[in-house]
Amino acid sequence: MTVTRLGVADASRHMLAGVEPLPGEEVTLERALGRVLARDVVSTITLPPWNNASMDGFALRGADVAGASAERPVRLRVVETIAAGRRGTRDVGPGEATRIMTGAPVPPGADSVVRVEDTDGGADPGTVMVRDDRDAGRNVRARGEDIRADSVVLTAGTAIAAAHVGVLSSVGCAAPFVHRRPRVAVLATGDELVPLERFAEVQAGERIVSSNSYSLAAAVEAAGGEPVPLGIAPDDPGALAHCLRRADGCDMVLTSGGVSVGDFDYTRAVVGTLGGELSLWRVRMRPGAPLGFGRLFSVPWLGLPGNPVSALVTFELFARPLLRVLAGHRCPHRPTVQVVLGQNVELAAPLTHYLRAVFAVEEDGRLVATLTGAQSSGMLTSMALADGLLVLPGDRASYAAGTLASAVMLDGDLKGSVRFPG
Ligand code: AMP
Ligand code: MG
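Note that the structure is a prediction, hence the values are computed from the model and not measured. (Residues numbered from 1 in each chain as written. Chains lettered and ligands numbered in written order. Predicted model: local features only at pLDDT ≥ 70, side-chain atom pairs only at ≥ 80, totals over all residues. Heavy atoms only, no water.)

S.K.: Help me understand the overall build of the protein chain, please; the structure alone is not making it clear to me.
M.R.: Helices and strands together make up the secondary structure of the protein chain, namely eight helices and 28 strands. For 422 residues, the compact-globule formula gives about 22 Å, and the C-alpha radius of gyration of the protein chain, at 31 Å, lies well above that figure. If one aligns the C-alpha atoms of the protein chain with their principal axes, the spans along those axes are about 95 × 50 × 45 Å. Looking at the protein chain as a whole, 45% of its 422 residues qualify as buried. Residue pairs at least 24 apart in sequence account for 71% of intrachain contacts in the protein chain once pairs closer than 6 positions are excluded. Charge centroids of the protein chain, computed over 41 positive and 46 negative side chains, lie 2 Å from each other. (Helix = DSSP H or I, 4+ residues; strand = E, 2+ residues; numbered from the N terminus. Rg over C-alpha atoms; globule rule 2.2 N^0.38 Å. Buried < 20%, exposed > 50% of the residue type's maximum accessible area, 1.4 Å probe, protein only. Contact = heavy atoms within 4.5 Å. Lys, Arg positive; Asp, Glu negative; His and termini not counted. Charge placed at Lys NZ, Arg CZ, Asp CG, Glu CD.)

So this is what it looks like as structure tokens:
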């Protein structure tokens, strides 16, 4: 059965229902960035492994320096020096201090590290004058304050960023177990399309570049998937079926074009002849209304519209979340933010509009959204300039400047608010 004309949220729910993360595999830590842990990571070690100094200075007993000041400095005997990577050989007794560097083990007996700036630096060999007692009881990082042996340090479902790579390395996890990257077939359809190698035909005014082949492969990669480019299929059912068969074995299939109601739109029919099934068609949105979804070769298939902007917008709203669930992400959707309209906007149809917009950060912290220009679904530059997609429900025909609206961020970094120093 095929459901039609759902709203965006219902359509996305339909597509994500029952989709499970792919199985796990080990990858080297160098290749783990962006992947998602498929298992909890348990530390075998305790960190820090020893009580250590958080300052360069003097390890000592806090009680010995109580009341120390510039006028009434306290003199202590320096018994040795401990560099980071070394161990002390002596306990610190009453009236004694050990010169110590950041990270070095604090010797038994000491409970404080007085920063070197609060001393005379041990100007006289064998002694140090302490001029302040503010560090009494401080600057010792306790053994195990960060990580305890046998505890879970990172849970399954964690997306690995730079800090996680650091944590994994510090507990000795050189090959984390992560969900497999989804392999995503990308097939363009259309007799008018050529790959870049045939750009001469574009220059001759005969064909256009299949930009979707490139933009969708890049979008798959940016989302953490592995694109499997299947090239361009002509608008012919037999040839299209032949091209689409090569998607068998992938984790997800993306087609673009040929999914609407034109005379040569064969994608939906061909998915059926290959044993696939269309379970959703058409979404109440613009751009991107003629969208198909179903299963092909037992994996999710998304029939994206051919218009380059529609293809990328529907990729962002539907394909990317699917891909990210397969990759193990627990929150697969892009964040939505509240913005203020920086201009009046007219809507041409009673559909939810996803308009390409630039966001500027005002001094009060508000984001002001301005359209990137004309919003034709063929104008790919409108997408290239955008920080995000302004979401305007179609129950109103016009929105005035100053109206609050929500927007989907396309990237954390705003292009529109680039500032150079000076
Ligand atoms: P379709 O969805 O096949 O009706 O195509 C809609 C519009 O998108 C047409 O103007 C196509 O030429 C264009 N189009 C379709 N596929 C691509 C593609 N891969 N790259 C660039 N434009 C495309
Ligand atoms: Mg077409």
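There's plenty left to go through after this.
S.K.: How do you make sense of the packing of aromatic side chains when you look at a structure like this?
M.R.: Geometrically, a pair of aromatic rings is defined through the distance of the ring centres and the angle of the planes. What the rule picks out here adds up to zero aromatic pairs. Lying across the ring of F177, R39 places its NZ or CZ 3.9 Å from the centre. Directly above the aromatic system of W281 lies the positively charged group of R268, at a separation of 3.7 Å from the ring centroid. (Phe/Tyr/Trp six-rings, centres within 6.5 Å; stacked < 30°, edge-to-face > 60°. Lys NZ or Arg CZ within 6 Å of the ring centre and 35° of its normal.)

S.K.: Got a minute to help me understand the site of ligand 1 in this structure?
M.R.: Among the 15 residues in the neighbourhood of ligand 1, the closest are listed as E192, S210, S211, G258 and G306. Within the backbone of S211, a nitrogen or oxygen atom sits 3.1 Å from a nitrogen atom of ligand 1. Within the backbone of N212, a nitrogen or oxygen atom sits 3.3 Å from a nitrogen atom of ligand 1. Protein burial of ligand 1: of its 480 Å² of free accessible surface, 76% is covered by the chains. For the shell around ligand 1, the secondary-structure elements that each account for two or more residues are β13 (183–189), β15 (208–209) and α4 (211–222). (Near = heavy atom within 4 Å. Polar contact = N/O pair within 3.5 Å; in protein donor to acceptor, adjacent residues only side chain to side chain. Areas by Shrake-Rupley, 256 points an atom, 1.4 Å probe, with all protein chains shown as cover.)

S.K.: When you look at the domain arrangement of the protein chain in this model, what are you seeing that I'm missing?
M.R.: Frequently, the measure chosen for interface size is the accessible area removed from exposure when the parts meet. Looking at the assigned domains, one finds that the protein chain contains domain 1 (3–22 + 180–326), domain 2 (24–47 + 146–179), domain 3 (52–141) and domain 4 (336–409). Its C-alpha centre places domain 1 at a distance of 67 Å from the equivalent point of domain 3. (Domains from an automatic or database assignment.)

S.K.: What should I look at first to understand the sheet that holds strand β8 (residues 112–115) in this one?
M.R.: The strands that make up a sheet pair up through hydrogen bonds in the backbone, lying either parallel or antiparallel. Strand order in the open sheet formed by five strands is β8-β5-β7-β6-β9, and the pairing between neighbours is mixed. At either end of the open sheet lies a strand with only one pairing partner, and these are β8 and β9 (127–130). Neighbour to neighbour, the strand axes of the sheet diverge by 40° on average, direction disregarded. (Pairing = 2+ DSSP bridges. Axes fitted to C-alpha atoms, helices over the stretch in contact; angles between N-to-C directions.)

S.K.: Would you explain the nonpolar core in this entry?
M.R.: Counting residues in hydrophobic clusters, the biggest one holds 40 residues, and the most contacted among them are M15, M252, L254, L302, F315 and F318. Mapped by element, the contributors of at least two residues to this core are α1 (8–16), β13, α4, β17 (252–256), β18 (277–283), β21 (299–304), α7 (308–326) and β26 (388–392). Broken down by element, the residue count for this core peaks at twelve residues, all from α7. For this core, the domains that each give at least three residues are domain 1 (3–22 + 180–326) and domain 4 (336–409). Apart from the residues lying within four places of it in its own chain, the contact partners of L254 are V184, A185, V186, L187, V220, L302, L304, F315 and A319. (Core = buried A, V, L, I, M, F, W, Y, C linked by side-chain atoms within 4.5 Å.)

S.K.: Looking at this model, I keep getting lost on the side chain of D135. Mind explaining?
M.R.: Checked against the element boundaries, D135 lands in the loop between β9 and β10 (140–141). In this structure D135 touches S112, V113, V114, R115 and D118, once residues within four positions along its chain are discounted.

S.K.: How should the sheet that holds strand β20 (residues 292–296) be read in this particular structure?
M.R.: Read from one edge of the open sheet, seven strands run β1-β18-β20-β21-β17-β13-β16, paired in mixed fashion. Two strands in the sheet have a free side with no partner beyond their single neighbour: β1 (3–6) and β16 (226–233). Ignoring which end each strand starts from, the neighbouring axes of this sheet average 20° apart. Its contacts with the sheet place α7 against β13, β17, β18, β20 and β21, and it is angled at close to 170° to β21.

S.K.: Would you mind showing me how to read α7 here?
M.R.: At F315, α7 shows its largest bend, some 50°. Most of α7 sits out of view: 19 of its 19 residues are buried. A positive phi of about 105° marks G328, the residue just after α7. (Bend = angle between axes of the 7 residues up to and from the residue.)

S.K.: Hey, could you run me through the pattern of salt bridges in this one?
M.R.: Close approach of charged atoms allows side chains of opposite charge to pair. Throughout the structure, instances matching the rule amount to twelve salt bridges. Of the charged contacts, one joins R180 and D251 as a salt bridge, the two residues approaching to 3.1 Å between their closest N and O atoms. Placement of R180 in the loop between β12 (177–179) and β13 and of D251 in the loop between α5 (237–245) and β17 is noted, with a sequence separation of 71 residues between them. Given a relative accessible area of 26%, R180 falls into the partly exposed group. Each of R115, D118, D132, R134 and D135 takes part in salt bridges that share partners, so that together they form one network. (Salt bridge = Lys/Arg side-chain N within 4 Å of Asp/Glu carboxyl O.)

S.K.: Is there a simple way to explain α5 in this structure?
M.R.: Those residues of α5 that fall on the buried side of the exposure criterion are L240, A241, C243 and L244. Down the axis of α5, the buried side of the element spans an arc of 165°, and every buried residue falls inside it. On its buried side, α5 packs onto β13, β16, β17, α6 (267–273) and β20. Backbone nitrogen of G238 and a side-chain oxygen of the N-cap are separated by 3.2 Å at the start of α5; the cap is D236. (Arc of directions from axis to C-beta.)

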